[in-house]
Amino acid sequence: MNTNLLKGIGVAVLVVILAVAYNMYSASVENDFKDISRTETYRMGDHYTGFYHRPGCPKLQQTHGGGIRFESNEAARAEGYSPCKRCDPDGPNE
């Protein structure tokens, strides 16, 4: 019976840790784009993933290798790149 109590406490602690970690991650995603320039004039393509991003996108900073510069969303799509779902380069500049 004592081991069941310890298992229950262990599960409760794990749930609390996961909840706190999720809240911290959610807050960091919201803050990732607060410093992106309002006057973006180009997009960056990642040849490894096939996505194009806003210049300050955190996902682009995580990639390995160099990026390809596109002057517009249309130019990136013409080369076969898809928009990043995190920074939404086709959306309005905020």
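Procedures and definitions
Residue numbers run consecutively from 1 along every chain, following the written order of its sequence. With pLDDT at 70 or above as the cut-off, local features in this predicted model cover only qualifying residues; side-chain atom pairs require 80 or more to be listed or tallied, and sums for whole chains, interfaces and linings still use all residues. Side-chain metrics in this entry use all non-hydrogen atoms of the structure; hydrogen atoms and water are not considered. Numbered from the N terminus, helices here are DSSP runs of H or I no shorter than four residues, and strands are runs of E no shorter than two. Partly exposed residues are those whose accessible area sits between 20% and 50% of the maximum for their type, while under 20% is buried and over 50% is exposed, using a 1.4 Å probe and protein chains only. When a carboxyl oxygen of Asp or Glu is within 4 Å of a side-chain nitrogen of Lys or Arg, the pair counts as a salt bridge. Note on ring pairs: Phe, Tyr and Trp rings are taken, using the six-membered ring of Trp, and paired if centres are within 6.5 Å. Classes follow the plane angle, with under 30 degrees stacked, over 60 edge-to-face and the rest tilted. Ring-over charges, as used throughout, are those where CZ of Arg or NZ of Lys falls within 6 Å of the ring centre and within 35 degrees of the ring normal. Counting rule for disulfides: a pair of cysteine sulfur atoms within 2.5 Å. Positive charges come from Lys and Arg alone, negative charges from Asp and Glu alone, with His and the N- and C-terminal ends not counted. The definition of a polar contact used here is a pair of N or O atoms within 3.5 Å, where within protein one atom must be able to donate a hydrogen and the other to accept one, and adjacent residues in sequence count solely through side-chain atom pairs.

Engineer: Can you lay out unusual backbone geometry for me, pointing to particular residues and giving the numbers?
Structural biologist: The backbone of Asp 88 sits at a positive phi, close to 50 degrees, despite the residue not being glycine. Relative to the helices and strands, Asp 88 is located in the segment after strand E4 (82–83). Taking relative accessible area as the criterion, Asp 88 reaches 38% and is therefore assigned partly exposed.

Engineer: Go over the pattern of salt bridges with me, naming the residues and quoting the values.
Structural biologist: In total, this model carries three salt bridges according to the counting rule given. Close ionic contact of Asp 90 with Arg 77 constitutes a salt bridge, the shortest N to O distance being 3.1 Å. Residue Asp 90 is found in the segment after E4, and its partner Arg 77 is found in helix H3 (residues 73–78); the two are separated by 13 residues along the sequence. Among the residues examined, Asp 90 registers a relative accessible area of 40% and is labelled partly exposed. Residue classification places Arg 77 among the partly exposed positions, given a relative accessible area of 38%. By sharing partners, the salt bridges in this structure join Glu 74, Arg 77 and Asp 90 into a single network.

Engineer: Outline the packing of aromatic side chains, supporting the account with residue identities and numerical values.
Structural biologist: All told, the structure shown has one aromatic pair when counted by the stated rule. One Lys or Arg, Arg 69, reaches over the ring of Tyr 42 and ends 3.8 Å from the middle of that ring.

Engineer: Describe the state of the cysteines, naming the residues involved and giving the relevant values.
Structural biologist: By the definition in use, this model includes zero disulfides. No disulfide involves Cys 57; its nearest neighbouring cysteine sulfur is the one of Cys 87, lying 3.7 Å away.

Engineer: Please give an account of the side chain of Asp 46 that cites residues and values.
Structural biologist: Its place among the elements puts Asp 46 in strand E1 (residues 43–46). Summary of buried charges: Asp 46 has no salt-bridge partner, and the nearest side chain of opposite charge, Lys 59, is 8.9 Å away. Within the structure, Asp 46 has its side chain in polar contact with the side chain of Thr 49 (distance 3.1 Å).

Engineer: How would you sum up the side chain of Arg 54? Please name residues and give values.
Structural biologist: Position of Arg 54 among the secondary structure elements: in the loop between strand E2 (51–53) and helix H2 (58–61). Note on Arg 54: relative accessible area 7%, which makes it buried. Separated by 2.9 Å, the side chain of Arg 54 and the backbone oxygen of Asp 88 make a polar contact. There is a polar contact of 3.2 Å between the side chain of Arg 54 and the backbone oxygen of Gly 91.

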